[in-house]
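Residue-level listing of the chains:
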Number of protein chains: 2
Amino acid sequence: MHLRLALIGYGNVGRAFVGLLKGKEGELSDRYDLTCSIVGVATRSRGGFIASEGGSLELSEAGLPDTGMPPGAARHERDTLAFLRACPADVVIEVSTLSPLDGQPALGYMRAALESGKHVVTANKGPLANAYRELRDLAAERGLALRFESTVIDGLPVFNLVEFCLPASRILGFRGIVNSTSNLVLTRMEEGQTMEAGIAEAQRVGLAEADPSFDLDGWDAAAKAAVLANVLMDAGIRPAQVLRENVNMEAMRAMQAALGPGQVLRQVAEGRADGGSVRCAVRLEALPATHPFAQVRGTRNILTLQTDTMRDVTIQEDECTPRQTAFGLLSDLVAVARSRGR
Amino acid sequence: MHLRLALIGYGNVGRAFVGLLKGKEGELSDRYDLTCSIVGVATRSRGGFIASEGGSLELSEAGLPDTGMPPGAARHERDTLAFLRACPADVVIEVSTLSPLDGQPALGYMRAALESGKHVVTANKGPLANAYRELRDLAAERGLALRFESTVIDGLPVFNLVEFCLPASRILGFRGIVNSTSNLVLTRMEEGQTMEAGIAEAQRVGLAEADPSFDLDGWDAAAKAAVLANVLMDAGIRPAQVLRENVNMEAMRAMQAALGPGQVLRQVAEGRADGGSVRCAVRLEALPATHPFAQVRGTRNILTLQTDTMRDVTIQEDECTPRQTAFGLLSDLVAVARSRGR
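Residues numbered from 1 in each chain as written. Chains lettered and ligands numbered in written order. Predicted model: local features only at pLDDT ≥ 70, side-chain atom pairs only at ≥ 80, totals over all residues. Heavy atoms only, no water.

Student: Any chance you could break down the overall build of chain A for me, citing the residues and the numbers?
Tutor: For chain A, the helix and strand inventory stands at 12 helices and 13 strands. For 342 residues, the compact-globule estimate of 2.2 N^0.38 gives 20 Å, and the C-alpha radius of gyration of chain A, at 20 Å, lies within 12% of that figure. In chain A, the share of contacts with a sequence separation of at least 24, taken over all contacts with a separation of at least 6, comes to 70%. Accessible surface for chain A amounts to roughly 12800 Å². Of this, 46% is attributable to carbon and sulfur atoms. When the 36 positive and 41 negative side-chain charges of chain A are each reduced to one mean point, those points stand 2 Å apart. (Helix = DSSP H or I, 4+ residues; strand = E, 2+ residues; numbered from the N terminus. Rg over C-alpha atoms; globule rule 2.2 N^0.38 Å. Contact = heavy atoms within 4.5 Å. Areas by Shrake-Rupley, 256 points an atom, 1.4 Å probe, with all protein chains shown as cover. Lys, Arg positive; Asp, Glu negative; His and termini not counted. Charge placed at Lys NZ, Arg CZ, Asp CG, Glu CD.)

Student: Explain the nonpolar core to me, using residue names and the numbers behind them.
Tutor: Grouped burial of nonpolar side chains is what soluble globular proteins tend to show. Ranked by size, the top nonpolar core spans 220 residues in total, and within it A:Phe17, A:Ile93, B:Phe17 and B:Ile93 carry the most contacts. Among the elements that make up this core, the one with the highest residue count is helix H10 (residues 219-233) of chain A (11 residues). (Core = buried A, V, L, I, M, F, W, Y, C linked by side-chain atoms within 4.5 Å. Buried < 20%, exposed > 50% of the residue type's maximum accessible area, 1.4 Å probe, protein only.)

Student: Go over the relation of the copies chain B and chain A with me, naming the residues and quoting the values.
Tutor: The transform that puts chain B on chain A rotates by 180 degrees and translates by 0.0 Å along the axis, for an RMSD of 0.0 Å. What we have between these two chains is a two-fold relation. The fraction of interface residues of chain B whose copies in chain A are also interface residues reaches 100%, indicating that both copies meet through the same surface. (Least-squares fit on C-alpha atoms with pLDDT ≥ 70 in both.)

Student: A description of the pairing of strand E11 (residues 277-288) of chain B should follow, citing residues and the corresponding values.
Tutor: Residues and elements named next belong to chain B. As paired strands, strand E9 (residues 243-245) and E11 are joined by three bridges and run parallel to one another. The residue of E11 that forms the bridge with Glu245 is Arg283. Sheet topology places strand E10 (residues 263-274) next to E11; 12 bridges connect them, and they run antiparallel. Of the residues in E11, the one forming a bridge with Asp274 is Ser277. Following E10, the chain reverses through two residues before pairing antiparallel with E11; Gly275 in that reversal takes a positive phi of roughly 65 degrees. (Pairing = 2+ DSSP bridges.)

Structure representation (structure tokens):
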């Protein structure tokens, strides 16, 4: 099978994906009989480039050329939606930067991709946190794949784990550390550094934005909790409906100062079935040092799924870099190929 | 799709599987369009029973009737190999009790099942630890499935995780706590109980045999390490080639007594690529209380896979009961149905 790909966004994750795709060319072909070519790429600042008919783009992991078209490109579309309609791709890899709270503009891109008959693989939690049911139904109507492993804990298998490895199971709840910035900052405070030093480190390694409040106020975790609840528990909720309790910089400082001996502070996201609905929350929690989450330090993430078949299943990521996120996209791409190969 | 099943063995795991299959009938049909019937069951003491043509057996979760045939049976075959050849099953669920070190008699059952054109799903580590390549090749030759999720850490996704959720990845090594009896005993010793009390508890909950040395001397973990290395790293080794270093009851007692403050003792199984070969070992290790494995208490298990794509991926099981093992069989059964449905 051959899949033609279009990338929306070409930042760290998109570039890592292109590198991984090249590095795994042999394995993809040998194990899954899958070859891929990139026939389009669009960024907010540069617009969209489309390969010549039957050809493909040669993208450098260093980024797009500063001026002119990337090698192999034959056409330029300034508008991303026009690019999406014109690009002859089978799969759109959606890794644009966006507002994770309302999901735009990525949500519009994903709609346009599905409406023009293209499978969607995305790392963007915003659209899933806000409009999962709509996108799921749109994809199903058109017989297309919509995959999003990298929206929560990068490429660590979460959604694919439930779909492929926990068959006939119901997810009754979840609990985890899903925001790397806050975990790095809390770990550094635990080690005696200031919150500011922790934030500066998170910014230096490319985790946190100039304004870290999106992470530290629990919005990132709330968006991820909404995705988990929407996909795994059919919750139909939005990030604003996730309770954010006592989770901000002042609370971090105050709770850290008030910790008892042997306790550590963690930002925990959870969801649980409650009658017919799902309650989600993000909280700062003081945990005993013997708690499994207490050993999750730095940029590591962990997630426990409560199931009706296996009780608790816990998965843990070692470290998050763009390469891990790119791997989630690759996993999804292989899943698309496998499901289409039937 | 309809799959006719034959069970080899009808102990705790086989009975839990029958219960789970009944409980999940609706979900299997709704989600995977899969229905199952049991057309045969064989045990060492009772021989094999085969359903009447086109019919199925009604098996009680309480076990086989003490005398006579189970409801629905029309034929009795004393010999398990003759039963396997005669039974009109699509899939053999192999959960016999056996010697895990040479894999017999289950290895013979699995060969006979594959040779008579039946898919095999097994919870028995012995055959995989000793003859994985032979069985894999035999299944591939015949175009049949051979699945064994429950051989290591019960139904926790390990082999299915790698196959379905870590595509195009290489497994470079693994490290984990995979033996529940030793972990329960070590946890109890850590809490101040005697080794004997811990062993008695493991026997009481049905984990340990009358002779606990198979678990405490590291043979169970060595067999599991061999399965992991053979399947995930193509090692071609046998349990006897797994180094068992300082792992026995005397060492447990001595090392527990010599632990420093804040240290805990764990039985750790590992494998790592070493040039062209794979080195496996089972050891008692003194770990700091802050080590992630230190928080794995009682009958819990944990496994870290070292990959070339995601660095370390860690999975953890909450508790192991026959129901968890039965779930691994069900996962494999669904995987058989999915691969055949293509």
